[in-house]
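A look at the structure
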Amino acid sequence: MTLHTNPNKPVDEKLYSRQLYVMGHEAQRRMMSSRAVLVGVSGLGVEIAKNIILAGISSVTLCDPCPPTSFDLGGNFYLSEDDLTAQKGSRAELCREQLAALNEYVKVDVASNVSSLRDEEPLLHLVDGASCVVVTVPLPYSLLCAINDKCRAANACFIYTLTTGVFGQVFCDFGTSFVVSDKDGENPATSQVENILTSNPAVVKVLEDQGRHGLETGDRVTLSKVKGLDGILSVTTKSYEVKVTGPFTFELIGVDASQCSEAASQGYITQVKTPVTMSFKSYREALEQPGELMMSDFAKFDRPALLHLAYRALASYAESQQQPGGMTMMEYPNPGDESAARTVLELARSMDADKILENNPAAAERIILRLASGAKSILSPMCATLGGIVGQEVLKACSGKFTPINGFFYFDADECLPDAPLPLADVAPTGTSRYDSTVAVFGKEAQQKLLDLNYFLIGAGAIGCEMLKNWALMGVACGEKGKIHITDMDRIEKSNLSRQFLFRNSDINEFKSATAARAAQTMNPHMNIVSYQEKVGADTEDIFGDDFYDKLSGVCTALDNVEARLYVDQRCLFYRLPMLESGTLGTKGNTQVVIPHVTENYGATRDPPEKSIPVCTLKNFPNQIQHTLQWARDYFEGEFKQRAEDVNSYLSNPDYAASLAGQQNTKIDTVMSIRKTLVDERPVSFEDCVVWARLKFETLFNNQIRQLLYNFPEDQVTSSGTKFWSGSKRCPKPLVFNLNDKCEDAQMRNHFDFIVAAANLRAQMFGIKGRTDEEYFAEVLQNVIVPDFTPQEGVRIASTDAEAKEDNTQPTGGDSDELEAQQILESLPRPGELAGFKLNPIEFDKDMDDHMLFVTACSNLRALNYSIPTEDTHRSRAIAGRIIPAIATTTALVTGLVCLELYKIIGTAQKELKIDAYKNGFVNLAIPFMTLSEPTPPAKTKAILKGEEWNWTAWDSLDMNMGDITLAEFLQYFETEYNLDVSMISHGVSILFSFFANPKKLEERKKMKMSEVVTSITKKEFPPNQLFIILEIIANDIETDEEVELPYVKYRFR
């Protein structure tokens, strides 16, 4: 299958910013040239449509002439209860307008010529011109085969997917020769050359301090900036096959370097991603011979084959249901219809040629009966889960990027289900309620529990929006006793719109939390929700304090940083609340369910911290683009933010000299910077800003490099006799300014871009109007006089990180520096002379194009100094802005998995859940891969209390709810209740009681209330909403005199 694209089609990088770091420009353009047909717009259909429209494919045709039912409302967020009786149109017609509003670049239309989902000819006609056809409702076998055959003939991809209660099915057929341009989406492996030997074949050794090369035999690589080997590897576009000989070495097949005069030192290696061609079976073939089925849960290794059989039986049952006149109804059993469910079971037995049901008959029968009984149910979490998976499969079909599911994939969450069928009266649908689907599977009692939930949702970004949508359809906090609290400090930006689907263009600059809350209430007007614009942390415990958490059922995080997650985790531990955690990174996603006393908490295991870049590497010896980008960003902050803030501080602080007292090592630098900015280099026109930018170019990219080479000449050797400029130290070269210069790798005019960006940022800082026309810059730059450079003697440059740290701790020039700083301060204009004058500090913002133009140009120029491959603005933005790649499909999937855990947390009827019923998830939609696993139980600590063993965990504490008792009563309580002699009590960093303290003071404190003891020592009053005091104690068993290791004391004083 050949995918076509228009290479000149513009991509809206503002809208698709985060998604482009997942898909790339080429794949995005292919998607923008593709059309998808969606047959069925119930819950799963609308989820898939939402995801692919947000992703930006060219057009979507909705085909569903059926009227909505109450079951649809369990998963379709654009249908309402009024649509069941108003007869305003079909499911496709009712959803089209709101789907179209998701993305102005995507055409969404309805297949108006299809009057029935049994009419073969008009359905087959829809395949013409489509890149992908997705069927999301049950269709007769013959019709599915006909559509699949037509797709194969028309070179279109075919997907058939269903959700039935807590079970789901996906089938993909992308033809006999589907080309995958990038099988996994991972960045190509990169490494740096340490040396390449003059051998046949050439042997490459990479720098070990940069990590393993990550290559496999048979991979292909390109090499660039190679120094040596007589230039035989100078063609950067040529690729070479490798044979791996070790984690840091490999051979270049076919490269004979034996005749070269010198070995190579330094260079860059980049893996070349090669396309893969895949072949698929047709639906007809795969149904009979499915082959190896993709796993989602290795604890259910036999489940995929069982579900394949069960879905065949369910389809056979549906086809047997006919209307008067013989037309197939494709009707599934009604909820609670035990007779119909057993008919499906008998059909499965009759089809079981492989004796699948004989492996574990009771368990297999239960699965088939539960599947049949809840088959009509459309649950939002299942639609979100399958909608994320299938949405990504559609994008694969349109773009050729990532590995598709080959054949069938089955998913289930049967752990949510009751062990025995619920009575018919408890699951019978009303025909008019949004909650008919939930009731059909879990019963009325479970639905009421959802309605009464009180949850705290922290974050209203991509995950937060998807979570609110799911909760609105599930009925979370939609009862009289329920309430959702949602908080997010951020405002809506354009880049949010490609995955945070509750927001529209008209919402840009509005608060996310308030906008998301309103959108969720539109989906379900009964939702009780309160929005905040507050950060969750120690400084907002006056808002989110004891009284707040005391009323919650649980917490759901939708955060983008670990620090905030760890804080929330500690809150959940303290208040013993369930925590639902999830996160995404491009096509990867993870979920974690945290259950009090059952699972470990989120912070129990952590990833190692990121390695920081050594100071001397940043300052003088960069060897990667990450180094130069960090340097450029640091320079931006210092030049356009810190300098302006220092000047403003001087102008606004009457006692500025005294405020410098704590800056002994940087005081002289600070006042010299103020003098330069305010006096020596203060511009009065934009022309002055251009001249300043040109001189900065010379200083940064020529003079400083020449000074470095003066200190460390190219031929310098170390005390051990090795070349100084070797290994990761790359010998730099000064740049000669050329307005028309364009770099080879990124094809950017870095010289010109630096001058334009720097001059305009300088002008903005001083409130001067800028300009960008090239003719003006060319004219001004012709007249700039650049002073000649003379290297300075005695300049110390740190060559190692240890030397850099030593330099930072060295005292400055003492009294002479103090005197010079004072003289500079006295020479500055008095603040009163500049009344009203103020600079504009510029905070770096990765989404501001002029900021990124400067950082990219600055980074690339430094990269050119050190022969490091340059990067364009798009890639530089990702690195400098630390952008997390994101796409709507992964977000939908992880929120679906999280909400399935919520069903378990509320308590499933007739079933006591143990740890093996809960599931943590990890997915990678690119491969594709999914694994659900049992959470880890909390670690236990052994203690002996009153002669009995107590194994306590991080969830445990010694709870005291006796009112605000005295310290003496507190000590007596532990002696009486636990047979413990308390020797020390602390609160935070304050010691409240210790055996070695002044006896007189101890006797005084023993008469005080515990809250009074705390306030008297900490000198801080308790907030009015604080109910608990956390106390740590050291105590010994009275009988054995051995110290007993104990958890903290949770003391309720109000």
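Everything below is about the structure shown above.
Residues numbered from 1 in each chain as written. Predicted model: local features only at pLDDT ≥ 70, side-chain atom pairs only at ≥ 80, totals over all residues. Heavy atoms only, no water.

Describing the overall build of the chain
Looking only at helices and strands, the chain features 33 helices and 31 strands. Computed over its C-alpha atoms, the radius of gyration of the chain comes to 34 Å, within 12% of the 31 Å expected for a compact globule of 1054 residues. For the chain, the spread of C-alpha atoms along the principal axes amounts to about 100 × 85 × 60 Å. A burial count over the chain gives 56% of its 1054 residues as buried. Long-range contacts, defined as pairs at least 24 residues apart, comprise 74% of the intrachain contacts of the chain with a sequence gap of at least 6. Carbon and sulfur atoms form 48% of the exposed surface of the chain, whose accessible area is close to 45,200 Å². Side chains of the chain carry 103 positive and 141 negative charges; the gap between the two charge centres is 2 Å. (Helix = DSSP H or I, 4+ residues; strand = E, 2+ residues; numbered from the N terminus. Rg over C-alpha atoms; globule rule 2.2 N^0.38 Å. Buried < 20%, exposed > 50% of the residue type's maximum accessible area, 1.4 Å probe, protein only. Contact = heavy atoms within 4.5 Å. Areas by Shrake-Rupley, 256 points an atom, 1.4 Å probe, with all protein chains shown as cover. Lys, Arg positive; Asp, Glu negative; His and termini not counted. Charge placed at Lys NZ, Arg CZ, Asp CG, Glu CD.)

Let's talk about the sheet that holds strand E1 (residues 35-39)
Read from one edge of the open sheet, 7 strands run E3-E2-E1-E4-E5-E6-E15, paired in mixed fashion. One side of each edge strand has no neighbouring strand; the edge strands of this open sheet are strand E3 (107-110) and strand E15 (407-412). Direction aside, neighbouring strands of the sheet carry axes that sit 15° apart on average. (Pairing = 2+ DSSP bridges. Axes fitted to C-alpha atoms, helices over the stretch in contact; angles between N-to-C directions.)

Section: the pattern of salt bridges
All told, the structure shown has 49 salt bridges when counted by the stated rule. Here Arg-18 ties to Asp-847 by a salt bridge, and the two come within 3.3 Å at their closest N and O atoms. Of the two residues, Arg-18 is situated in helix H1 (residues 17-31) and Asp-847 in the loop between helix H27 (815-827) and helix H28 (849-865); the sequence distance between them amounts to 829 residues. In this structure Arg-18 comes out as buried when scored by relative accessible area, which is 7%. Look at Asp-847 and you get buried, because its relative accessible area is 17%. A cluster of three or more residues bridged by salt bridges with shared partners is formed by Lys-300, Arg-303, Arg-366, Asp-412, Asp-414, Glu-415, Glu-901 and Lys-904. (Salt bridge = Lys/Arg side-chain N within 4 Å of Asp/Glu carboxyl O.)

Brief notes about the environment of Glu-415
Along the chain, Glu-415 turns up in the loop between E15 and helix H12 (424-427). According to the relative accessible area criterion, Glu-415 is buried, its value standing at 9%. A distance of 2.5 Å separates polar atoms of two side chains, one belonging to Glu-415 and the other to Lys-300. (Polar contact = N/O pair within 3.5 Å; in protein donor to acceptor, adjacent residues only side chain to side chain.)

A closer look at the packing of aromatic side chains
Aromatic rings considered in pairs are described by the distance between their centres and by the relative angle of their planes. This structure, assessed with the given rule, holds 58 aromatic pairs. Residues Phe-574 and Phe-1028 carry aromatic rings whose centres are separated by 5.6 Å and whose planes lie at 85° to one another, so their mutual orientation is edge-to-face. You can see Phe-574 sitting in helix H18 (residues 562-575) and its partner Phe-1028 sitting in strand E29 (residues 1028-1037), a full 454 residues away along the chain. With relative accessibility at 11%, the residue Phe-1028 sits in the buried group. Judged by centre distance (6.2 Å) and plane angle (65°), the rings of Trp-631 and Phe-701 are edge-to-face. Of this pair, Trp-631 sits in helix H20 (residues 625-652) while Phe-701 sits in helix H23 (residues 686-711); the two residues are 70 residues apart in sequence, bridging distant segments of the chain. (Phe/Tyr/Trp six-rings, centres within 6.5 Å; stacked < 30°, edge-to-face > 60°.)

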